[in-house]
Amino acid sequence: MGNDYSSGVKQYVELGEKLAEREKQRKQEMRKKKFDTIAVHGLYGSEEALDNQGSINEPVFLSSAQHFENSDHLEAALAYLMPAWGYTRIANPTLYYLEQTLALLEGYGYDGETSAVVTSSGMSAVFMATNPFLEKPVTGMNIVADARCYGGTFMLFNERYGNERGVDVRWVRDSMNLEEWAEKIDQHTRFIYVEMPSNPGLSVADIEALAKMAHDHGIPLIVDSTLATPALMRPICHGADIVVHSVSKAIAASGSAISGAIISRANIPSQVGPDLMREDFATYVKLLPMRDHGTPLSPMSAHLIMNDLRSLRSRVDVMSKNAMKVARFLEVHPAVESVNYPGLSSARGHDISSKYMWLVDGEDDYDSPVNRYGYMMSFNVKGGAAAARKVFDHLQMIFRATDLGRMKTIATIPAISTHQQQGDEGRNLADIPPHLIRLSVGMEHPSDIIDDLEKALQAVK
């Protein structure tokens, strides 16, 4: 700290150092706990409860701004010289508790430090996780990304970055083909971006190999791990630098809130940006770029999400087991052309999925580690687009919507919904045919899900 600050400001800085040390100790204590315990408590313990009228749950701070004791307090806080929140567009205590919990969960099993920032949506998280690397454009600046990604991500990269800014977007058609990744990277590549597994094709990628490739070029690997959640896979443990989530999905399984999250490890590689960005990317994004872009999450949404987050592991376990049963049913159904689900032994990339996707702390429940492959799948209906629409229209218990990760089973046709804006060329690039139905399996009894599918599939027999 420089000498330009008054003794009053320095007093608040010293107080901030004590608060930061208390937070550090709390983190160290919680990192010794099991995944479920972290999900339930985060950093909000009994001491914090007594500071908040004894509330067992994290308090919801709906105020847009923080009151300060005096001008010295205001100056120290707004200069980021001490822990504070100031204004909810920048930070908020309720958001803080959610961010700290997500950072601990995504860093579970990782020896280094992780930090997190929550955003207003999954797409705002994708934007804020990638945009900082596209500053100071140079001729030939490019990004290398998985073509089989979510439709919103495809449009952000292709239209906003590519067509509007002139960024060279180099799409990888086969995420398992390491040679294809390698041949697209050069000295002007800013980052590698992959979904694992992808939405809606459930393609997979070797995270460790991609991380090594990225680091050899001094650039970060960014992984969208929405479909896996930290309950099944934590990419930072495998070398990834930044993880993106659409928290709106399985993390917030009740469907009551929209949110995104960025979790980063300390000291990421990058060819651009200030030292702070490399040292603590998520915090940098939170306090600087996101402050200016204005993409914060509302405190009430954070509160709703925290309540869902507490049961993440057990929910994902049940949903994954249900999905496996449904996938096996669809795999042999005469009206189904093919099924995309990483858990099927016939699935391309099943060995890679089995390498990375494990139920966290599964040995505590099943006596030995167990693979779980998530709740989402997709399948192609025989007879083309018309047949797929007929099956879709005959679903009764299963909801027809663009959502996923819910406790209720939901289906959609990506070609006419989530990936419609990509057009035929973009969908062909991402391998999304018109007769593909995406199915997000929920927590209903699997026999009832299968029965609903069976009745719908009879419409095309």
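Quick note: structure is the one above.
### With respect to the overall build of the chain
Of regular secondary structure, the chain possesses 20 helices and twelve strands. Its C-alpha atoms put the chain at 80 × 55 × 40 Å along the principal axes. Put simply, the chain has 461 residues, and 57% of those count as buried. Partitioning the intrachain contacts of the chain with sequence separation of at least 6 by distance along the chain shows that 72% fall at a separation of at least 24. One finds the centroid of the 45 positive side-chain charges in the chain at a distance of 4 Å from the centroid of its 58 negative side-chain charges.

### Here we look at unusual backbone geometry
The step from M196 to P197 runs through a cis peptide bond, and the omega angle for that step is -15°. In this structure, the amide linkage connecting N199 to the following residue, P200, adopts the cis form with an omega of 15°. Here P200 shows up in the loop between strand 4 (189-195) and helix 9 (207-216). Phi is positive for Q53, which is not a glycine, with a value near 60°. By the element assignment, Q53 lies in the loop between helix 3 (46-50) and helix 4 (71-78). On the accessibility criterion, Q53 (83% relative accessible area) is exposed. With phi around 50°, K136 is a residue other than glycine that occupies positive phi space. Counting through the fold element by element, K136 comes out in the loop between helix 6 (122-130) and strand 2 (142-146).

### Overview of the sheet that holds strand 5 (residues 221-224)
In spatial order, the strands read 1-7-6-5-4-2-3; together these seven strands make up an open sheet with mixed pairing. Either end of the sheet is taken by a strand with one partner, and the two such strands are strand 1 (114-119) and strand 3 (168-172). When the angles between neighbouring strand axes are averaged without regard to direction, this sheet yields 20°. With four bridges connecting them, strand 4 and strand 5 associate as parallel partners. Paired with I192 across the bridge in strand 5 is L221. On top of the sheet, helix 5 (residues 93-106) reaches strand 1, strand 6 (242-245) and strand 7 (260-265); it is set at about 130° to strand 1, its chief contact.

### A short note on the packing of helix 1 (residues 7-30) against helix 5
Between helix 1 and helix 5, the shortest axis-to-axis distance is 11 Å and the interhelical angle comes to 45°. Of the possible angle classes, the one that applies to helix 1 and helix 5 is oblique. As for how helix 1 packs across helix 5, the hand of that crossing is right-handed. Across the interface between the two elements, E23, K27 and M30 of helix 1 pack against Y96, Q100 and L104 of helix 5.

### Focus: the environment of P334
Inspection of the secondary structure assignment puts P334 in the loop between helix 15 (312-331) and strand 8 (336-340). According to the relative accessible area criterion, P334 is exposed, its value standing at 55%. Distance in space between the C-alpha atoms of P334 and R313 is 34 Å, their sequence separation being 21 residues. The contacts of P334, once residues within four sequence positions are left out, are K382 and K461.

### Structural notes on the environment of G166
In this fold, G166 is placed in the loop between helix 7 (151-164) and strand 3. For G166 and L395, which are 229 residues apart along the polypeptide, the C-alpha to C-alpha distance reads 43 Å.

### Concerning the pairing of strand 4
Most of strand 4 is tucked away, with seven of its seven residues classed as buried. As defined by bridge partners, strand 2 adjoins strand 4 across three bridges and the pair is classed as parallel. Its bridge partner lying in strand 4, V144 is registered against I192. Regarding topology, helix 9 serves as the crossover connection from strand 4 to the parallel strand 5, and that connection is right-handed.

### Some remarks on the pattern of salt bridges
The final tally for this structure, using the stated rule, is 27 salt bridges. For R170, the salt bridge goes to D168, with nearest N and O atoms at 2.9 Å. Among the salt bridges present, the one from K455 reaches D451, with a minimum N-O distance of 3.2 Å. Here K455 and its partner D451 are both found in helix 20 (residues 446-457), four residues apart, which amounts to about one turn of the helix. One connected set of salt bridges, linked through shared partners, spans R22, E47, E48 and D51.

### Considerations on the pairing of strand 3
Across five bridges, the pairing between strand 2 and strand 3 is parallel. The residue bridging V144 from the neighbouring strand is R170, located in strand 3. Once the chain exits strand 2 it traverses helix 7 before rejoining the sheet at strand 3, and the crossover so formed is right-handed.

What counts, and where the lines are drawn
- Residues numbered from 1 in each chain as written.
- Predicted model: local features only at pLDDT ≥ 70, side-chain atom pairs only at ≥ 80, totals over all residues.
- Heavy atoms only, no water.
- Helix = DSSP H or I, 4+ residues; strand = E, 2+ residues; numbered from the N terminus.
- Buried < 20%, exposed > 50% of the residue type's maximum accessible area, 1.4 Å probe, protein only.
- Contact = heavy atoms within 4.5 Å.
- Lys, Arg positive; Asp, Glu negative; His and termini not counted.
- Charge placed at Lys NZ, Arg CZ, Asp CG, Glu CD.
- Pairing = 2+ DSSP bridges.
- Axes fitted to C-alpha atoms, helices over the stretch in contact; angles between N-to-C directions.
- Parallel < 35°, antiparallel > 145°, perpendicular 65-115°, else oblique.
- Left-handed = near helix turned anticlockwise from the far one by under 90°.
- Right-handed = clockwise from strand over helix to strand, strands pointing away.
- Salt bridge = Lys/Arg side-chain N within 4 Å of Asp/Glu carboxyl O.

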